[in-house]
Amino acid sequence: MFEWMQQALEKTGIGIIITDASQNIVFWNDEMEKLSHVSKEEALNRMLSDVCPKFAESRYRGIMENAIATGQSRFCSSVLHKAFVLPKQTGEEDIRQNMKVEPILLNDKVAFAFLQISDITEQVRNERRLKEYVNELKKGYKKIKESEEAAMKMARYDALTGILNRRAFENELESAMEERKKAGKKFVLLFLDLDGFKDVNDTYGHIVGDVMLQQVAGRLRSNTRHEGRRPRDIVARIGGDEFVVALMEMRMDGDAIIVANKIVNIIRKTFFIDNNRINISASVGIAVYPDDADSVKALIDAADQAMYRIKQSGKNDISFYNPPNF
Amino acid sequence: MRVLIVDDSAFARQYTKKFIMERYPDAEFLFAANGEQGHEMYLVEKPDYIITDLLMPGIGGQAMVDMIRLVDKGSKIIVLSSDIQRSLKEEMAQLGVLEFINKPLNDENGRVLINVLEGKSNAHSDAKRCAG
Amino acid sequence: MLTPMQKDALAEILNVNMGVSASLLSEMVNQKIILSVPVVELKQGSELNAASLKRGDLGVDKSIMTLVTFGKKFKGNALIILPQDKASILANACLGNELTYGLEEGLSNEDADVIKEICNVILNAIVGEFGNLLDVRLEYSAFEMDFSIDSLDEKRIIPPDSQVLVLYTSFFLTMSQVRGVILIVLSASSFDMLIKKIDDMLRGIDV
């Protein structure tokens, strides 16, 4: 080989091995010495499989034999093979190398096998670190998204009772109104005010008062249709001790009376909180869509006014905005 | 001699037949295009030899061989397949297949096929090599 | 234009080639991989370009291309084109981790290396089988990989007067499927050589 070619092959920074067609080593560059700790003197004219034990394995024997017999090139990735040449003494598990095996033809016959071995241990390590970093970033991003969603949920739900808050209720009512309008159907809005709630707070304290509100919300939810059955009834807390319930499936005006009375009765049932037995009642105003009003604000107003009438006239009862004629 | 050829390619079936006919002009041939047909045909016709591909739609060649070997340990089956995985060859040898020949059929592996049909003892060589 | 019998024979030849490639690949990575060849089209080189392959129906919008060139008696190029986002699924499947989604960040160096190696093995197997079929000794150029298919328009890869076998293929992994395209670009005379061999095989056969 020309001296300058040999020098050129030394300068590539890649481990280069050239073997003859019988796999005897005829060239072994400086980089190979570095990678294997085997000197040129020790390597030249010996069998590749003797100097590099990996090549004694059947898979790599096969790759070499195929390259020499067929003239096909073969690329071997560090991912699938890890490494091809390891330093004699240490058997480092972390070393990563890529390898290319290519034939060199003379007179149309494969005369040599040209192996290039690149050490990419650093690159692999760096890429692994990058990947881990990206995963960490992804996890952090996921957390941020989750708390964003939580914040959005809070904007829709009343923090104490977990049912809809006023704004969310008005939105839902808007959609429900449109839907019922299209279906040509009626629905009913109940406006509930708890009678004597202020006294409960004064007598038993705010904590008991809060628990009571939660239990009221729970009782309302249990007695209305939600989750899964459409159209859903809507339950919301729109004030300190004010609740609204929109009942979607009203076949007759009579149904509204039955449900409203049922609600009055369940609120009248004793509350057991913190070893206390507490009783309250509810004043319920009823407004009908579209008979009594056809906008969200107006409908709530109507139900509110109906409720107010009851508050004035003795509480613990129901009242229609426009009493139906039976 | 009656030979059942099982392969989903019409060309492959006819090509194999042509190959065998050059040596055995009087041979009778039966054909099946998939594993189920092959199995049925075997039970009904009881050919002397079965030559089958493995990758076919339906139950495939391996399942067919399994079913046939289960009821007839004397069946003479030759696999002709492009799948060259060692593990598969070993599996087929365990099943008692006479020989495993790689597609495509050419002069070299064709000789192996003919040897099997002639009942020569070399026929088990590749199968034994795989199992061993 | 091929006759139905020639098409049948060609399909079987390609199936065998794919079968050999797939089993080599399976054995190499120790995973169950099945390569299908559902559809084969024959096109003139001038009819094919990167734009036509970039279309959605081939699913190869942002693609990886691997290429090997062979000659001399039987001359041409063989290419595998894979969509980049699915390529990481294939690469990971070969390592025994099956992802069911492509990664948005694109191919890592490691994934690219795995793809390079498996395409190398597949192309070597396919072309090698052609060499065996035609009983010619082949010489191969070094193996190339590109992260776009724009260079397909270069005449050196698909000469306008070449005949191209377009194989729409799928890698069937345990839980997912990766679609790709394999192109076998043959010089006109090499294509004739192939057809002549097929006609030889068809002699005496009534399919």
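You'll find the structure just up there.
Residues numbered from 1 in each chain as written. Chains lettered and ligands numbered in written order. Predicted model: local features only at pLDDT ≥ 70, side-chain atom pairs only at ≥ 80, totals over all residues.

(A) Broad picture of the overall build of chain C. Counting its regular elements, chain C contains five helices and seven strands. Secondary structure of chain C in N-to-C order comes out as α-β-α-β-β-α-α-β-β-β-β-α. Going through the 207 residues of chain C one by one, you find that 49% of them count as buried. Residue pairs in contact within chain C that sit at least 24 positions apart in sequence constitute 68% of those at least 6 positions apart. (Helix = DSSP H or I, 4+ residues; strand = E, 2+ residues; numbered from the N terminus. Buried ≥ 20, exposed ≤ 12 C-beta atoms within 10 Å, placed from the backbone. Contact = placed C-beta atoms within 7 Å.)

(B) Broad picture of the interface of chain C and chain A. Each partner contributes residues to the interface: chain C has 18 residues there, and chain A has 19 residues. Listed by contribution, the elements that provide at least two residues to the side of chain C that touches chain A are α4 (109–134) and β4 (139–140) of chain C. It is α4 of chain C that provides the largest number of residues to the side of chain C that touches chain A, a total of nine residues. Considered class by class, the residues forming the side of chain C that touches chain A number seven nonpolar, five polar and six charged. (Nonpolar A, V, L, I, M, F, W, Y, C, P; charged D, E, K, R; others polar.)

(C) Layout of the interface of chain B and chain C. Across the boundary between the two partners, chain B contributes 15 residues, which contact 17 residues of chain C. Take the side of chain B that touches chain C: its biggest share by element is six residues, from helix α1 (residues 10–23) of chain B. Each residue belonging to the side of chain B that touches chain C can be placed in one class, and the counts come to seven nonpolar, four polar and four charged.

(D) Focus on the sheet that holds strand β3 (residues 49–52) of chain B. Residue and element names in this part refer to chain B. Spatial ordering of the open sheet is given by β2-β1-β3-β4-β5, a layout of five strands whose pairing is parallel. Unpaired on one side and paired on the other, β2 (28–32) and β5 (99–102) mark the two borders of the sheet. Direction aside, neighbouring strands of the sheet carry axes that sit 20° apart on average. As paired elements, strand β1 (residues 2–6) and β2 share five bridges and run parallel to each other. In the sheet register, R2 faces β2, and the bridge partner there is E28. (Pairing = 2+ DSSP bridges. Axes fitted to C-alpha atoms, helices over the stretch in contact; angles between N-to-C directions.)

(E) Up close: the nonpolar core. Core analysis: the biggest nonpolar cluster contains 122 residues, and I78 of chain B together with L90, I115 and I122 of chain C have the highest contact counts within it. The element that contributes the greatest number of residues to this core is α4 of chain C, accounting for twelve residues. When sequence neighbours within four positions are dropped, the list of residues in contact with I122 of chain C reads S21, L25 and I80 of chain C. Core analysis: the second largest hydrophobic core is formed by 51 residues, L164, L247, I286 and A306 of chain A among them. (Core = buried A, V, L, I, M, F, W, Y, C linked by C-beta atoms within 7 Å.)

(F) The arrangement of unusual backbone geometry in detail. Between Y289 of chain A and the following residue, P290 of chain A, the backbone shows a cis peptide bond with an omega angle of 0°. With respect to the helices and strands, P290 of chain A occurs in the loop between β11 (281–289) and α12 (296–312). Along the chain, K103 of chain B connects to P104 of chain B via a cis peptide bond; the corresponding omega equals -5°. Within the secondary structure, P104 of chain B is located in the loop between β5 and α5 (107–117).

(G) How the structure looks around the sheet that holds β11 of chain A. Residue and element names in this part refer to chain A. Taking strand neighbours across the sheet as the criterion, the five strands line up as β7-β8-β6-β11-β12 in an open arrangement whose pairing is mixed. Looking at the sheet topology across the chains shown, the edges are occupied by β7 (234–237) and β12 (318–320). For this sheet the average axis-to-axis angle between neighbouring strands, irrespective of direction, equals 20°. Where β11 and β12 come together, three bridges link them in parallel fashion. Residue G285 lies in a different strand from β12, and its bridge partner there is S319.

(H) A look at the pairing of strand β6 (residues 187–195) of chain A. All names here are of chain A. Of all nine residues in β6, nine are buried; the element is thus mostly enclosed. Residues of β6 alternate between two faces, with F187, L189, F191, D193 and D195 on one and V188, L190, L192 and L194 on the opposite face, all of them buried. Examined bridge by bridge, β6 and β11 share nine bridges and lie antiparallel to one another. The residue bridging L189 from the neighbouring strand is A287, located in β11.

Without other data, these values stay purely geometric and don't point to any function.
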